[in-house]
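# Understanding the architecture of this molecule
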Amino acid sequence: MASDWLGSLVSINCGPTLGVYQGEVSSVDQSSQTISLRQPFHNGVKCSVPEVTFSAMDIKELKILDIGNGCAPLNSPSVSSKTNSAPVAVPKVDPRAQGRLNSPQHCSKSYGSSSSRGVNQATPKKNGVKNGGGQMKQRDDECFGDGMDDGLDTDFDFEGNLALFDKAAVFSEIDGSDRRGNGTRSRGTPQEQTPTRYRHDENILEAKPIVYRQIKVPQPGAKEYCTDSGLVVPSVSYELHKRLLVAAERHGLSLERRLEMTGVCASQMGLTLLGGPNRLTPKNVHQRPTVALLCGPHVQGAQGISCGRHLANHEVEVILFLPNFVKMLDSVTTELALYSKTGGKQVSSIKDLPDSPVDLIINCLDCHENTFLMDQPWYRAAADWANQNRAPVLSIDPPVSGQGLAVEAKWSLSLCLPLPLAEGAGRVYLCDIGVPCQVFQEVGIKYHSPFGCKFVIPLHSA
């Protein structure tokens, strides 16, 4: 009889669309082929309605989890399913499963493993019986449906587990791994050959030993410098430096080319000293850097004017000081004509220079061959202004140490090879003006470029 199954706990699989329902059978209607469950659970979650009715056409599988009255015959017919026009047979149930599964927790556990376990494989709670009442602990199935709190009654033995931890062995293993990582042998494996570790930018191919003295001059100067990479750059006398420039000019490296290269390198260094991209941005148009350029009527002055032209082209406010002379070198006149097209300011009197400190002073007052300029009034006035302005000074192609310096510089930029400069020259930098290697060989210099990927490099006293 259909009434024999009332009160039984069943699991109804309605396919992937409707899901799985579990609950207590409240009614079975053989005429309409329907079955109703009270207090149903849908996919392990309690339904909001008290009762759900299913049609046999929607039922894919029906499993009996618990027989309500315990006396129903095992071969009694159940609700027939019209799926594929075949009735659904009630599976045989082990009577020993009776009374084990009468809480929503077991319904959800049976659903979670319905594809691999039978009815008699449902796992009951071990401590469900309390005070001899035979009633299971009631839990909210949505939070406590997995029965994971069975082992929480026993406190964790921290001291016992800590005693099992062998700290000496663990730290010994860590120490051994650190030794292997640092390229030394582990104490436990004396025969193990650990490979050497390399940096990401280090060459792993075997190469020839590095030669740091790659530049040799016939008559070494009074000083030696070295680059950031350790290459030795010896200083040369002014006479050898002059012979080198004359040989380069004979092969086509004219004075105009040297002036342009010197101006580009000096302006690049000046832009870096002024702040580079942090200062020269479209947002700082209202506070353009100011550079005072002090030049004399000689080649060194022409180099400074070329530098000022490039600085003015890069939105730097340049003030060029050059005294009035009846006749000047052609190179100075040519550079002045180009500089006048940049919109830069030119003054011939010290009174026209700014009273407030500028951002940078570029000193090109000195000449290698004419030391009498230091006695001229305009020279002394310009030197005094530079020393009182409190702005940092960059000297371009300063003279050798024996001539003395009227303006103390913070940086000095030498050309091609450095001269033995005085202590007042500050930090020494070297710029590449494009002299070929074979030109160095003509004057007896064994040369290998120390510049690498740069045109201006710093030098340090060796």
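Figured I'd write up the structure that's included with this text. (Residues numbered from 1 in each chain as written. Predicted model: local features only at pLDDT ≥ 70, side-chain atom pairs only at ≥ 80, totals over all residues. Heavy atoms only, no water.)

## Brief notes about the environment of proline 418
Mapped onto the secondary structure, proline 418 falls in the loop between strand 14 (411-415) and strand 15 (427-431). Along the chain, proline 418 and tyrosine 238 lie 180 residues apart, while their C-alpha atoms are 9.3 Å from each other. Residue contacts for proline 418: discarding those within four places in its chain leaves Tyr225, Val233, Pro234, Ser235, Val236, Leu430 and Leu459. (Helix = DSSP H or I, 4+ residues; strand = E, 2+ residues; numbered from the N terminus. Contact = heavy atoms within 4.5 Å.)

## Points about a nonpolar patch on the surface
A surface patch of nonpolar side chains, amounting to about 480 Å² of accessible area, comprises Leu162, Phe165, Val170, Phe171 and Ile174. Examining the composition of the nonpolar patch, we find that three residues originate from one element, helix 5 (residues 167-181), more than from any other. Relative to the assigned elements, phenylalanine 165 resides in the loop between helix 4 (158-163) and helix 5. The class for phenylalanine 165 is partly exposed, based on a relative accessible area of 41%. (Patch = residues over 30% accessible without salt bridge, like charges linked within 9 Å, V, L, I, M, F, W, Y side chains within 5 Å. Areas by Shrake-Rupley, 256 points an atom, 1.4 Å probe, with all protein chains shown as cover. Salt bridge = Lys/Arg side-chain N within 4 Å of Asp/Glu carboxyl O. Buried < 20%, exposed > 50% of the residue type's maximum accessible area, 1.4 Å probe, protein only.)

## Looking at the side chain of asparagine 363
Within the secondary structure, asparagine 363 is located in strand 12 (residues 360-364). Since its relative accessible area comes to 4%, asparagine 363 is described here as buried. Not counting chain neighbours up to four residues away, the residues in contact with asparagine 363 comprise Leu294, Val393, Leu394, Ser395, Ile396 and Val407.

## Comments concerning the sheet that holds strand 11 (residues 345-347)
The sheet built from ten strands is open, its strands ordered 8-7-16-15-14-13-12-9-10-11 with mixed pairing. With partners counted over all chains shown, the strands left at the sheet margins are strand 8 (232-234) and strand 11, one partner each. Neighbour-to-neighbour, the strand axes of the sheet open up by a mean angle of 30°, direction not taken into account. Sheet topology note: the strand 10 (residues 317-321)/strand 11 ladder contains three bridges and is parallel. Across the sheet, isoleucine 319 pairs through a bridge with lysine 345, a residue of strand 11. Across the sheet, helix 7 (residues 255-273) touches strand 12, strand 13 (393-396), strand 14, strand 15 and strand 16 (456-461), and the angle it forms with strand 14 is around 160°. Here helix 8 (residues 299-313) sits on the sheet in contact with strand 9 (290-295), strand 10, strand 12, strand 13 and strand 14, set at roughly 160° to strand 9. (Pairing = 2+ DSSP bridges. Axes fitted to C-alpha atoms, helices over the stretch in contact; angles between N-to-C directions.)

## Brief notes about the packing of aromatic side chains
For any pair of aromatic rings, the description rests on two quantities: the centre-to-centre distance and the angle between the ring planes. Inspection of every chain in the model, using the stated rule, returns four aromatic pairs. Taking 4.9 Å as the distance between ring centres and 65° as the angle between the ring planes, the aromatic pair formed by tyrosine 21 and phenylalanine 54 counts as edge-to-face. With tyrosine 21 in strand 2 (residues 20-29) and phenylalanine 54 in strand 5 (residues 51-55), the pair connects residues that are 33 residues apart, well separated along the chain. Each member of the pair tyrosine 21 and phenylalanine 54 is classed as buried. Between phenylalanine 325 and tryptophan 378, the aromatic rings sit 5.8 Å apart at their centres with planes inclined by 85°, giving edge-to-face as the arrangement. With phenylalanine 325 in the loop between strand 10 and helix 9 (330-340) and tryptophan 378 in helix 10 (residues 377-388), the pair connects residues that are 53 residues apart, well separated along the chain. Every member of this aromatic cluster is reached through a ring pair, and the members are Phe325, Trp378 and Tyr379. (Phe/Tyr/Trp six-rings, centres within 6.5 Å; stacked < 30°, edge-to-face > 60°.)

Treat this as a map of the structure, not an account of what it does.
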